[in-house]
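For reference, the chains in residue letters:
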Amino acid sequence: MRSFFKKFCKSAPHLTQQEIIKLPLPRHLAIIMDGNGRWAKKKGLPRAAGHRAGAETLRLIVETCLEVGMPYLTVYAFSTENWKRPPEEVKALMALLVEYIEKELQQLKQNGVKIKTIGNISELPSTAISRVQKAEKETAHNHKLVLQIALNYGGRKEILDAVKSIAGEVASGRLPVATIDTATMEEHLYTAGVPDPDLLIRTAGELRLSNFLLWQFAYTEFWFTEVFWPDFKVHHLYQAIYDYQYRQRRFGGLK
Ligand code: FPP
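Residues numbered from 1 in each chain as written. Predicted model: local features only at pLDDT ≥ 70, side-chain atom pairs only at ≥ 80, totals over all residues. Heavy atoms only, no water.

K.L.:
Can you walk me through the overall build of the chain in this structure?
P.N.:
For the chain, the helix and strand inventory stands at nine helices and six strands. Relative to the compact-globule value of 18 Å for 255 residues, the chain shows a C-alpha radius of gyration of 19 Å, a close match. When the backbone C-alpha atoms are referred to their principal axes, the chain occupies close to 60 × 50 × 40 Å. Scored against the burial criterion, the 255 residues of the chain give a buried share of 47%. If you take every contact in the chain between residues at least 6 apart in sequence, the share linking residues at least 24 apart comes to 78%. With an accessible surface of roughly 13200 Å², the chain has 56% of that area assigned to carbon and sulfur atoms. Distance between charge centres in the chain, computed from 35 positive and 27 negative side chains, equals 4 Å. (Helix = DSSP H or I, 4+ residues; strand = E, 2+ residues; numbered from the N terminus. Rg over C-alpha atoms; globule rule 2.2 N^0.38 Å. Buried < 20%, exposed > 50% of the residue type's maximum accessible area, 1.4 Å probe, protein only. Contact = heavy atoms within 4.5 Å. Areas by Shrake-Rupley, 256 points an atom, 1.4 Å probe, with all protein chains shown as cover. Lys, Arg positive; Asp, Glu negative; His and termini not counted. Charge placed at Lys NZ, Arg CZ, Asp CG, Glu CD.)

Here it is as structure tokens:
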């Protein structure tokens, strides 16, 4: 495992912003913010403390994306499978979401961040729904950074929902089957109108997608690190961007 990380994550000592803005940045960064629980355990703290520290890292990364001019950031905050966690952890995550929005909304608005959620928010607790809707409404006109927060999100469910919606249009006679193509699917995904991620970062050493953006990751570059999300700092982000900039993207074609 260690050699994997060595091979794919060159460890140049702390890069600076100047070094990563020399080449084009990823337009859309997606992050699986993993390792909050293990970070807390290592420190003898409750898991909720790990999530709280993770929310702080998120704040820092949003700030950095704004600073470098990255237009799209998508973070996996709560999956359709996360309901399986103990009720007190789910409660803590929902409370943290509400707290994050209450604390950060003003600043996000001022900084031109558009908040958009992907996933089925209608199943969240009512306070979370109202805060999320308020945040989406009050930032709808912003366009410096689109912050997509995946909440009660599952990639398979997203694809299923798109298929059902397309099938409905076909059944009603509004959509001829022969005209259905990948663009039709994209228009029916939760992420409609947002370009596919160029780079995915997953922290905490896990090498899987965990039902995140299954359609959208078709040609995304993956970058993994063993660092726990609460320990993830700006220099780690710069390192991921730097490594991405030296990848050769062929999209199935030739050099
Ligand atoms: C995975 O770590 C993390 C989550 C399931 C939640 C991510 C949430 C945050 C970073 C909180 C901030 C988000 C918002 C929108 C306020 P894990 O708990 O599975 O870690 P483990 O694998 O070490 O147990």
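K.L.:
What is the right way to read the sheet that holds strand β1 (residues 28–32) from this model?
P.N.:
Neighbouring strands of a sheet are bound in pairs by backbone hydrogen bonds; such pairs are parallel or else antiparallel. If you trace the six strands from one edge of the open sheet to the other, you get β3-β4-β2-β1-β5-β6, paired in parallel fashion. Pairing within the sheet leaves two strands with one partner each, and these edge strands are β3 (113–118) and β6 (221–224). In this sheet, neighbouring strand axes are inclined to one another by 20° on average, regardless of whether the strands run parallel or antiparallel. Alignment of β3 against strand β4 (residues 145–153), held across six bridges, turns out to be parallel. Paired with Val113 across the bridge in β4 is Leu145. Docked against the sheet, helix α6 (residues 126–139) engages β3 and β4, running at close to 135° with respect to β3. (Pairing = 2+ DSSP bridges. Axes fitted to C-alpha atoms, helices over the stretch in contact; angles between N-to-C directions.)

K.L.:
What am I meant to see in the nonpolar core here?
P.N.:
Soluble, globular proteins show a tendency: their nonpolar side chains are buried together. In terms of nonpolar packing, the biggest core is built from 46 residues, with Leu29, Ile31, Val62, Leu73 and Ile201 touching the most fellow members. Of the residues forming this core, the biggest block, nine residues, is contributed by helix α5 (residues 87–110). Each residue touching Ile201, except ones within four places of it in the same chain, is listed here: Leu29, Ala30, Ile31, Ile32, Trp223, Phe232, Leu237 and Ala240. (Core = buried A, V, L, I, M, F, W, Y, C linked by side-chain atoms within 4.5 Å.)

K.L.:
Is there a simple way to think about the layout of surface pockets in this case?
P.N.:
Summary: where empty space remains is shown by rolling a probe the size of a single water molecule over the atoms. Considered as a void within the structure, the largest pocket measures approximately 740 Å³ in volume. Around the largest pocket, the lining comprises 32 residues; the ones closest to its centre are Met33, Tyr76, Ala77, Phe78 and Asn82. Secondary structure elements with two or more residues in the lining of the largest pocket: α3 (36–42), α4 (47–68), β2 (72–79), α5 and β4. (1 Å grid on protein atoms, 1.4 Å probe; cavity = no way out; pocket = protein on both sides within 12 Å on 5 of 7 lines; lining within 4 Å. Points joined across faces, edges and corners; volume = space filled by probe spheres on them.)

K.L.:
Would you take a moment to explain the side chain of Thr203 for this structure?
P.N.:
As for its position among the elements, Thr203 is in the loop between β5 (199–202) and β6. Accessibility expressed as a relative area gives 0% for Thr203, which makes it buried. Of the polar contacts made by the side chain of Thr203, one reaches the backbone oxygen of Asp34; its length is 2.7 Å. Excluding residues that lie within four positions of it along the chain, Thr203 makes contacts with Ile32, Met33, Asp34, Thr225, Val227, Phe228, Trp229 and Phe232. (Polar contact = N/O pair within 3.5 Å; in protein donor to acceptor, adjacent residues only side chain to side chain.)

K.L.:
Can you help me understand the site of the ligand in this one?
P.N.:
Among the 18 residues in the neighbourhood of the ligand, the closest are listed as Asp34, Arg38, Arg47, His51 and Arg85. Contact distances for the ligand include 3.3 Å between an oxygen atom and a backbone N or O atom of Gly35. The contact in question runs from an oxygen atom of the ligand to an N or O atom on the backbone of Gly37, over 3.1 Å. Burial of the ligand by the protein chains amounts to 91% of its free accessible area of 620 Å². When atoms are counted within 2 Å of each cavity's grid points, the one that captures over half of the ligand is the largest pocket. Breaking the shell around the ligand down by element, the ones donating at least two residues are α3, α4 and α5. A breakdown of the residues in the shell around the ligand according to their chemical character gives eight nonpolar, six polar and four charged. (Near = heavy atom within 4 Å. Sits in = over half its atoms within 2 Å of the grid points. Nonpolar A, V, L, I, M, F, W, Y, C, P; charged D, E, K, R; others polar.)

K.L.:
Looking at this structure, I do not really get the pattern of salt bridges. What am I missing?
P.N.:
Any two side chains of opposite charge can pair, given that their charged atoms come close. As enumerated under the stated definition, the model contains 18 salt bridges in all. Measuring nitrogen to oxygen at the nearest pair gives 2.7 Å for the salt bridge that ties Arg47 to Glu89. In this pair, Arg47 is assigned in helix α4 and Glu89 in helix α5, connecting sequence segments 42 residues apart. A residue is classified by how much of its surface remains accessible, and Glu89, at 8% relative accessible area, is buried. With a closest N to O distance of 2.7 Å, Glu56 and Arg59 form a salt bridge. Here Glu56 and its partner Arg59 are both found in helix α4, three residues apart, which amounts to about one turn of the helix. (Salt bridge = Lys/Arg side-chain N within 4 Å of Asp/Glu carboxyl O.)

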